[in-house]
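Listed here are the chains, written in short residue letters.
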Amino acid sequence: LNELGDVLADIALFLPLILLPGLHPLVLIGFVVLGVVNEFTGVLAKAISGERRYDGPMGKSDRALLVGITLLLLYFFPEMKIALNYIFGVGSLLLVISTAVRIKKTLQ
């Protein structure tokens, strides 16, 4: 239940960012969906191998740090809104890599 709560909290906290000017909604939705897939890949690894996987360059705390720093910088430098799609796009790419790493290590 803790993992489910974490994922639901991430969704509730990150989806309102869809209102940020300059951020394409599909980029954010992709970031959120990939975050859910990444977390459940780690949880399902426990059912397969007996060990919860936290591997990869973009885990839960990394996502929180990315979003937190991005919003802090956006507050002080509003002109950086032009980079939001790139920031969340790179975050999405890192989520794909994290998920692949978790799958690979689970199946070893």
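Residues numbered from 1 in each chain as written. Predicted model: local features only at pLDDT ≥ 70, side-chain atom pairs only at ≥ 80, totals over all residues. Heavy atoms only, no water.

## What about helix α1 (residues 2–14)?
Count 3.6 residues to each turn of an α-helix, and residues three or four apart come out pointing the same way. For the record, the criterion: Comment: elements are numbered from the N terminus, with helices defined as DSSP H or I runs of at least four residues and strands as E runs of at least two. Expected helix span is computed as 1.5 Å times (number of residues minus one). By the convention used here, residues are in contact when the closest approach between their heavy atoms is within 4.5 Å.
Its 13 residues place the ends of α1 18 Å apart at the C-alpha level, agreeing with the 18 Å of an ideal helix rising 1.5 Å per residue. On its buried face, α1 is in contact with α2 (25–49) and α3 (60–76).

## Re the nonpolar core
Test applied: Nonpolar cores are built from buried Ala, Val, Leu, Ile, Met, Phe, Trp, Tyr and Cys residues. Side-chain atoms within 4.5 Å join them into one set. Think of it in three bands: residues with accessible area under 20% of the maximum for their type are buried, residues over 50% are exposed, and the middle band is partly exposed, with areas taken using a 1.4 Å probe on protein chains only.
Formed by 14 residues in total, the largest nonpolar core has its most connected members in Leu-17 and Phe-88. Mapped by element, the contributors of at least two residues to this core are α2, α3 and α4 (84–107). Among all residues touching Leu-17, those that are not within four sequence positions of it are Leu-23, Leu-28, Val-67, Leu-71 and Phe-88.

## Section: the packing of α2 against α4
We count it as follows: Throughout, an axis means a line fitted to C-alpha atoms (over the contacting stretch in the case of helices), and angles, computed between N-to-C directions, take values from 0 to 180 degrees. Small angles under 35 degrees read as roughly parallel and large ones over 145 as roughly antiparallel, with 65 to 115 read as roughly perpendicular and the rest as oblique. Put simply, a crossing is left-handed when the front helix is turned counterclockwise from the back one by less than a right angle, and right-handed when it is turned clockwise. Any residue that is not Ala, Val, Leu, Ile, Met, Phe, Trp, Tyr, Cys, Pro, Asp, Glu, Lys or Arg is counted as polar, Gly included; the first ten are nonpolar and the last four charged.
Two elements in contact, α2 and α4, have axes whose closest approach is 9 Å; the angle formed by their N-to-C orientations is 15°. With respect to each other, α2 and α4 are oriented roughly parallel. In the crossing of α2 with α4, the sense of the turn from one axis to the other is left-handed. For the contact of α2 with α4, the per-class residue count stands at 11 nonpolar, 13 polar and 2 charged.

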